[in-house]
Every structure is written in C-alpha cells, then in structure tokens.
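Below, each chain spelled out in residue letters.
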Amino acid sequence: MSEVDFEPQIQHHPRIFFPNLLSPHECTELEFIHKCSSTVGYRPNVFSTTLSHLIATNSSQFIIPFIPIRERLKDKLEEFFKCEFELFIEFTGLISWSRGASIGWHSDDNRPYLKQRHFSVVCYLNTYGKDFNGGLFHFQDGEPATIIPAAGDVVMYTADDRNIHSVDELLIYSTHHFFHLSTSIKSYHFNLSDMKLSLGQITDGERLTLALWFSRDGSSDEDTKLVSLLSQHLLYKNIASSLLPLPASSNMYWFSQDQASNDQFGFNICWARLHILGYDIYFSQDTSCDSDVSELMLKPVHLVRGAELLDQEFANILHVLQVILGILGYIFC
Ligand SMILES: O=C(O)CCC(=O)C(=O)O
Ligand SMILES: [Fe+2]
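Rules of the game
- Note that residues are indexed from 1 along each chain, following the sequence as it is written.
- Key to labels: chains lettered from A, ligands numbered from 1, both in the order written.
- In keeping with the model being predicted, local features are shown solely for residues with a pLDDT of at least 70 and side-chain atom pairs are shown and tallied solely at 80 or more, while totals for entire chains, interfaces and linings include all residues.
- Side-chain figures throughout are based on the complete set of non-hydrogen atoms in the structure, without hydrogens or water.
- Distances are taken per atom, and a residue is near a molecule or strand as soon as one of its heavy atoms is within 4 Å of it.
- Two N or O atoms count as a polar contact when they lie within 3.5 Å, although within protein this holds only if one can serve as hydrogen donor and the other as acceptor, and sequence-adjacent residues are included solely when both atoms are side-chain atoms.
- To measure how exposed things are, a 1.4 Å probe is used in the Shrake-Rupley method; for residues, cover is taken only from the protein chains shown.
- Think of a 1 Å grid over the protein atoms and nothing else: a 1.4 Å probe that fits but is trapped marks a cavity, an open set flanked by protein within 12 Å on at least five of seven lines marks a pocket, and residues with an atom within 4 Å of a point count as lining.
- A pocket or cavity is taken to hold a molecule when more than half of that molecule's atoms are within 2 Å of the pocket's grid points.
- A run of DSSP states H or I qualifies as a helix once it reaches four residues; a run of E qualifies as a strand once it reaches two. Both are numbered from the N-terminal end.
- When residue character is reported, Ala, Val, Leu, Ile, Met, Phe, Trp, Tyr, Cys and Pro are called nonpolar, Asp, Glu, Lys and Arg charged, and the others, Gly included, polar.
- With water excluded from the atoms, a metal site may look incomplete; its donors are any N, O or S atoms within 2.8 Å, or within 3.2 Å for Na, K and Ca.
- Exposure categories follow from relative accessible area, calculated using a 1.4 Å probe and restricted to protein chains: below 20% of the type maximum is buried, above 50% is exposed, and the middle band is partly exposed.
- Paired strands are those between which DSSP finds at least two bridges.
- Axis geometry follows a simple rule: fit a line to the C-alpha atoms, using only the stretch in contact for helices, then measure angles between N-to-C directions, giving values from 0 to 180 degrees.
- Every angle not falling under 35 degrees, over 145, or within 65 to 115 is termed oblique; those three ranges are roughly parallel, roughly antiparallel and roughly perpendicular.
- Left-handed describes a crossing in which the near helix is turned anticlockwise from the far one by less than a right angle; the clockwise case is right-handed.
- The criterion used for residue contact is that any of the two residues' heavy atoms lie within 4.5 Å.
- Any residue with relative accessible area above 30% and no salt bridge may belong to a patch, with like charges joined within 9 Å and the nonpolar Val, Leu, Ile, Met, Phe, Trp and Tyr side chains within 5 Å.
- We define a salt bridge as a side-chain nitrogen of Lys or Arg found within 4 Å of a carboxyl oxygen belonging to Asp or Glu.
- Among buried residues, those of type Ala, Val, Leu, Ile, Met, Phe, Trp, Tyr and Cys that are joined through side-chain atoms within 4.5 Å constitute a nonpolar core.

**Section: the site of ligand 1**
Phase 1: Around ligand 1, a shell composed of Y42, H106, D108, V122, Y124, F137, H165, V167, R207 and T209 is seen.
Phase 2: The contact in question runs from an oxygen atom of ligand 1 to an N or O atom on the side chain of Y124, over 2.8 Å.
Phase 3: Separating an oxygen atom of ligand 1 from a side-chain N or O atom of R207 is a distance of 2.8 Å.
Phase 4: The fraction of the free accessible surface of ligand 1 (300 Å²) that becomes covered by protein chains is 92%.
Phase 5: Cavity membership is defined here by more than half of the atoms lying within 2 Å of grid points; on that basis ligand 1 lies in the largest pocket.
Phase 6: Where the shell around ligand 1 is concerned, the elements lending two or more residues are strand 6 (119-124), strand 11 (165-167) and strand 13 (207-215).
Phase 7: Taken together, the residues of the shell around ligand 1 break down into five nonpolar, three polar and two charged.

In structure tokens:
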C-alpha cells in the first residue's frame with residue numbers, strides 16, 4: 001500500500017496511512033528496548049515501556065533511538081494536518097499485546113483526563129501473520145476500514161470521535177514455541193503449572209507498537225516532564241553514572257493469568273522472556289529462601305542453560321535480559 005490520505009473524506013475522518021515509515025532496523029531496535037524493559041501495562045495482557053520508566057530504571061540511554069523517530073513522526077503529522085510547529089508530544093510508549101488482549105470501539109480522547117490528546121500515531125513494529133495473529137485495527141467509518149499491522153507501517157488520525165476505532169483480540173499464534181522449565185531455578189515462589197499457562201500467553205506471539213499522542217497544549221509536553229525527571233535522576237550520581245539497569249518495584253513486572261486479582265501465582269515478565277530464549281536464572285546460594293520477590297529483582301544472578309550454570313554474574317535480572325537480547329542480535333541486526 002502506498003501513502004494514502006483518502007482526500008475526499010478528510011473532513012469527516014482525518015487520517016493518513018504511511019507504509020514503511022520506520023526502517024526494519026528501527027523496528028528491531030525498539031523491540032529490543034521493549035523486551036528488556038517492559039512492565040505489565042494498563043490493561044490485562046498488555047505490556048508497556050514508557051520513556052519515564054526508562055529514566056526511572058537507569059536506562060535513559062534507550063531514549064536515544066526514539067528521538068529521530070519522534071521528530072520524523074511529528075514533522076509528517078504537522079505537515080499532513082497543516083499545523084506546523086503547533087504540536088507537542090504528549091506521550092510516547094512501546095505497547096505490546098499478548099494473547100487475549102483487545103480493545104472495543106473508542107476514540108482516543110474519550111475520557112475527561114484524555115481531552116488534551118488531539119492526534120494519535122500508531123507505528124507497527126511487527127507483522128500480522130508472521131509474529132502474531134488477530135489484532136487487526138478497524139475504523140468504524142471511512143477508509144481504510146481495516147489496517148493489517150506490518151512492521152514499519154504507521155497510521156495517524158485525530159484522537160476525536162471522527163476516528164472511532166477498535167482492535168480485534170489477539171489470537172493464539174499458529175507455531176507454538178517450545179520452552180523448557182528447569183527446576184534449576186529457585187522457583188519456590190512460583191506454581192509451575194500456573195507459570196506454564198501464563199507463559200503461553202507471551203510465547204504465542206506479541207503484537208508490538210510504538211504509540212504516540214500529540215497535543216496542541218504546551219502544558220502537556222512530555223519532553224518538559226522527561227527533562228525534569230532526567231535532571232532529578234542525574235542528582236543521584238552513583239546510579240546515573242552506572243550503565244547498569246535498576247529494576248522498578250517488583251509488582252510492575254508481575255504477570256499472572258488474571259492480572260486483576262491479587263493472585264500470588266504468576267511470574268516475572270523478565271524471567272518469562274529469558275525462559276522463552278532457553279535460559280533459566282539462578283540466585284547465588286547466599287540469597288535467603290525467605291527473600292521476597294521484590295528483593296529478588298535487585299539480587300545478582302547467574303544464567304543457567306540446560307544443565308550448565310554459567311560463571312558470569314549479572315547485576316540483576318534486567319541486566320541479564322539486556323545482555324542476552326543484545327547478544328542474540330536484537331540490537332545489531
Ligand atoms: O494498537 C493499535 O493498533 C491501536 C491501539 C489503540 O487503539 C489504543 O491504544 O488506543
Ligand atoms: Fe485507540
């Protein structure tokens with residue numbers, strides 16, 4: 001599909017679709033960042049990575065790849081909607097959906113606290129049919145009626161009720177990835193059968209987007225907030241001078257079948273991502289069996305592959321993820 005603005009309907013349904021606006025490298029780089037930084041999101045079966053979270057977890061270097069992409073998207077949006085130099089980025093986030101996630105008909109400004117959102121931009125970072133199934137985007141009226149997510153494609157639309165849209169439920173991915181649960185990890189906090197069920201939800205495929213909202217209102221400028229967070233963070237020199245990530249509170253990584261409940265079963269999303277890649281983790285012997293999960297997030301860990309315990313000690317589980325995903329080529333391809 002080439003660039004499509006559907007000129008005749010522009011007043012009624014102001015929107016535009018750009019194929020291949022992001023390069024494959026940009027999509028892969030953002031996927032890498034999401035997979036090693038994401039937390040459980042705002043709705044069940046959704047994970048997200050916000051820029052403020054990257055700062056809070058001492059991973060602000062990961063903001064750098066967003067900068068040229070955000071600028072390019074803003075330029076395109078302002079040019080198409082003829083509002084050059086008028087818009088501010090209100091929110092930037094990587095959002096992934098796992099099996100069962102969906103969203104019904106809505107406009108993106110449909111709550112009083114969302115009224116500052118004037119334009120929406122959704123960039124697809126992976127591809128329907130290849131990386132996941134389900135998850136098609138539909139506009140209620142006008143053209144295009146349906147968007148089939150493909151890595152690099154971008155849709156831009158006004159956030160008001162001229163662009164009511166929905167996204168179909170993410171379905172089970174056709175090729176079920178094999179994963180192996182070893183007992184070599186200290187899994188005393190977890191119920192393994194429940195963990196297998198929950199893990200299935202992300203091994204079935206994840207639909208990943210970069211979502212941005214734009215505002216005409218300067219008081220909603222995300223950058224002002226980010227600069228303030230960054231400068232506060234830099235005051236903590238010991239943390240900021242280290243390049244090691246610092247996990248947030250453990251419940252932000254806690255994923256269970258029913259995220260709405262306080263179910264003690266479920267597991268850590270970082271842990272799950274390592275399992276999918278064929279790794280387990282091992283906390284050194286002096287980590288007390290009574291440590292609660294929140295402490296474990298901050299503990300040094302070793303990797304286990306099959307029956308082999310690897311020598312290298314990592315600062316914490318986020319550090320492991322960054323290294324393993326980096327080595328596996330997420331960042332360099
Ligand atoms: O991911 C998409 O295709 C759109 C998601 C959406 O509509 C929303 O988050 O408001
Ligand atoms: Fe939406």
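Moving on from the model shown.
**Quick word on the coordination of the iron ion (ligand 2)**
Phase 1: The protein atoms that coordinate the iron ion (ligand 2) are H106 (NE2), D108 (OD) and H165 (NE2), at distances spanning 2.1 Å.
Phase 2: When the donor residues of the iron ion (ligand 2) are listed from N- to C-terminus, their spacing reads H-x1-D-x56-H. Of this pair, H106 sits in strand 5 (residues 103-106) while H165 is found in strand 11, placing the two residues 59 residues apart along the sequence. Of the two residues, H106 and H165, both sit in the buried class.

**Considerations on the sheet that holds strand 6**
Phase 1: On the basis of which strands lie adjacent, the open sheet formed by seven strands has the order 1-10-6-13-4-3-2 and antiparallel pairing. The sheet is open, and its two borders are formed by strand 1 (15-18) and strand 2 (39-40), each paired with just one other strand.

**Examining the packing of helix 1 (residues 24-37) against helix 9 (residues 317-327)**
Phase 1: Closest axis-to-axis distance for the helix 1/helix 9 pair is 8 Å, and the angle between their directions is 150°. As far as their axial angle goes, helix 9 and helix 1 are roughly antiparallel. The handedness of the crossing between helix 1 and helix 9 is right-handed. Of the residues in helix 9, those in contact with F32, K35 and C36 of helix 1 are L318, L321, Q322, L325 and G326.
Phase 2: In the contact of helix 1 with helix 9, the residues fall into five nonpolar, two polar and one charged.

**What to know about the pairing of strand 3 (residues 46-50)**
Phase 1: In terms of burial, strand 3 is a largely internal element, five of the five residues being buried.
Phase 2: Across the two faces of strand 3 the burial is the same, with V46, S48 and T50 and F47 and T49 all buried.
Phase 3: Inspection of the sheet shows strand 2 paired to strand 3 by two bridges, in the antiparallel sense. What sits directly across from V40, in strand 3, is F47.
Phase 4: Following strand 2, the chain reverses through five residues before pairing antiparallel with strand 3; N45 in that reversal takes a positive phi of roughly 65°.

**Details of a nonpolar patch on the surface**
Phase 1: A surface patch of nonpolar side chains, about 510 Å² in accessible area, is lined by L235, Y236, I239, L246 and L298.
Phase 2: Mapped onto the elements, L298 comes out in the loop between helix 8 (293-296) and strand 17 (301-305).

**What to know about the nonpolar core**
Phase 1: Counting residues in each nonpolar core, the largest one holds 61 residues, and the members touching the most others are L22, L30, L73, V121, V154, M156 and L210.
Phase 2: The element contributing the most residues to this core is helix 9, with six residues.
Phase 3: Setting aside residues up to four positions removed in sequence, L22 forms contacts with C27, L30, I69, R72, L73, C123, L125, G152 and V154.
Phase 4: Grouped together as the second largest cluster of nonpolar side chains are 17 residues, I95, V155, Y157 and A211 included.

**Regarding the packing of helix 1 against helix 3 (residues 66-80)**
Phase 1: Contact geometry of helix 1 with helix 3 gives a least axis separation of 11 Å together with a crossing angle of 125°. When the interaxial angle is binned, helix 1 and helix 3 end up oblique. Both helix 1 and helix 3 take part in a crossing whose hand is left-handed. Where helix 1 approaches helix 3, its residues E26, L30 and I33 are matched on the opposing element by F66, I69 and R72.
Phase 2: Here the residues of the contact of helix 1 with helix 3 are counted per class, giving four nonpolar, no polar and two charged.

Interpretation in functional terms is not warranted from these geometric data alone.
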